[in-house]
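The lines below spell out each chain.
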Amino acid sequence: MLSVSIYRTLPGLMEKDNSCLIRKACGKDAPALAAVEAACFTAEEAADETTFRRRIQTFPDSFFKAECSGLIVGLIDGGCTSQPFIDDSMYSSASCGHDPQGCYQAVFGLAVIPEYRHRGIASSLMRRMEENARRSGRRGIILTCRKFRIYWYESLGFRCEGPSRSVHGGGIWYNMIMEWTAHSVQMTEEGRLSSGGR
């Protein structure tokens, strides 16, 4: 569990209500997570409660929530894949296109309710996903975003790969990727991902 200050405070003076906890989501969080998603995306784009329950069951280790004073205010989630881009079938298939041995961590959604934006919560959620992906031996993170979000993702270390083939929810999406290593990812005897090099 990660505690992130959402205000600038001196060490030791942070109030409990001024902190945001980032931890793994669970099935009982699905209604609140769906409410966060609905506040951040159009009805065509947003995942519903049933979808979130399926995702939490499918990839519980890469679905995180942000909680402030007991209120779920943000989320980040996504399965793993061996392809370096998001495919629309990942959103609709029963398995969410999740490959536990995939070398890329996909991000299906990153959302923070409007009242809690501009406090570093979205960046903290992404850092948590990156830490988890690195620890798991992934090669990088992939996602799609709207054009007006490209600069923000670039500020986190992503690069834009141009327009995506995705038509999820309508409109034009852009492929974004963050890679922290160019070397190959190999499987260990235990079937876990192992990365060498730097």
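Structure's up top.
Residues numbered from 1 in each chain as written. Predicted model: local features only at pLDDT ≥ 70, side-chain atom pairs only at ≥ 80, totals over all residues. Heavy atoms only, no water.

**Student:** Go over the pattern of salt bridges, please, and point to the residues and values.
**Tutor:** Opposite charge on two side chains lets them pair, provided their charged atoms get close. For the structure shown, the criterion picks out 10 salt bridges. Across the salt bridge formed by Glu49 and Arg53, the nearest N and O atoms sit 2.7 Å from each other. With Glu49 and Arg53 both in helix α2 (residues 49–58), this residue pair falls 4 residues apart, about one helical turn. Glu49 sits in the partly exposed class, given a relative accessible area of 31%. Close ionic contact of Glu179 with Arg159 constitutes a salt bridge, the shortest N to O distance being 3.0 Å. Separated by 20 residues along the polypeptide, Glu179 in strand β10 (residues 174–179) and Arg159 in strand β9 (residues 159–163) bring together distant segments of the chain. Note on Glu179: relative accessible area 31%, which makes it partly exposed. Note on Arg159: relative accessible area 39%, which makes it partly exposed. Each of the salt bridges in this network shares a partner with another, and the network as a whole consists of Arg23, Asp29, Lys65 and Glu67. (Salt bridge = Lys/Arg side-chain N within 4 Å of Asp/Glu carboxyl O. Helix = DSSP H or I, 4+ residues; strand = E, 2+ residues; numbered from the N terminus. Buried < 20%, exposed > 50% of the residue type's maximum accessible area, 1.4 Å probe, protein only.)

**Student:** A description of helix α1 (residues 30–40) should follow, citing residues and the corresponding values.
**Tutor:** Listing the buried residues of α1 in full gives Ala30, Leu33, Ala34, Val36 and Glu37. All buried residues of α1 project into a common sector of 160° when viewed along the axis, lining one side. Taken together, the buried residues of α1 touch α2, β3 (63–68), β4 (71–77) and β7 (109–112). (Arc of directions from axis to C-beta. Contact = heavy atoms within 4.5 Å.)

Spatial relationships are all this shows, so hold off on functional conclusions.
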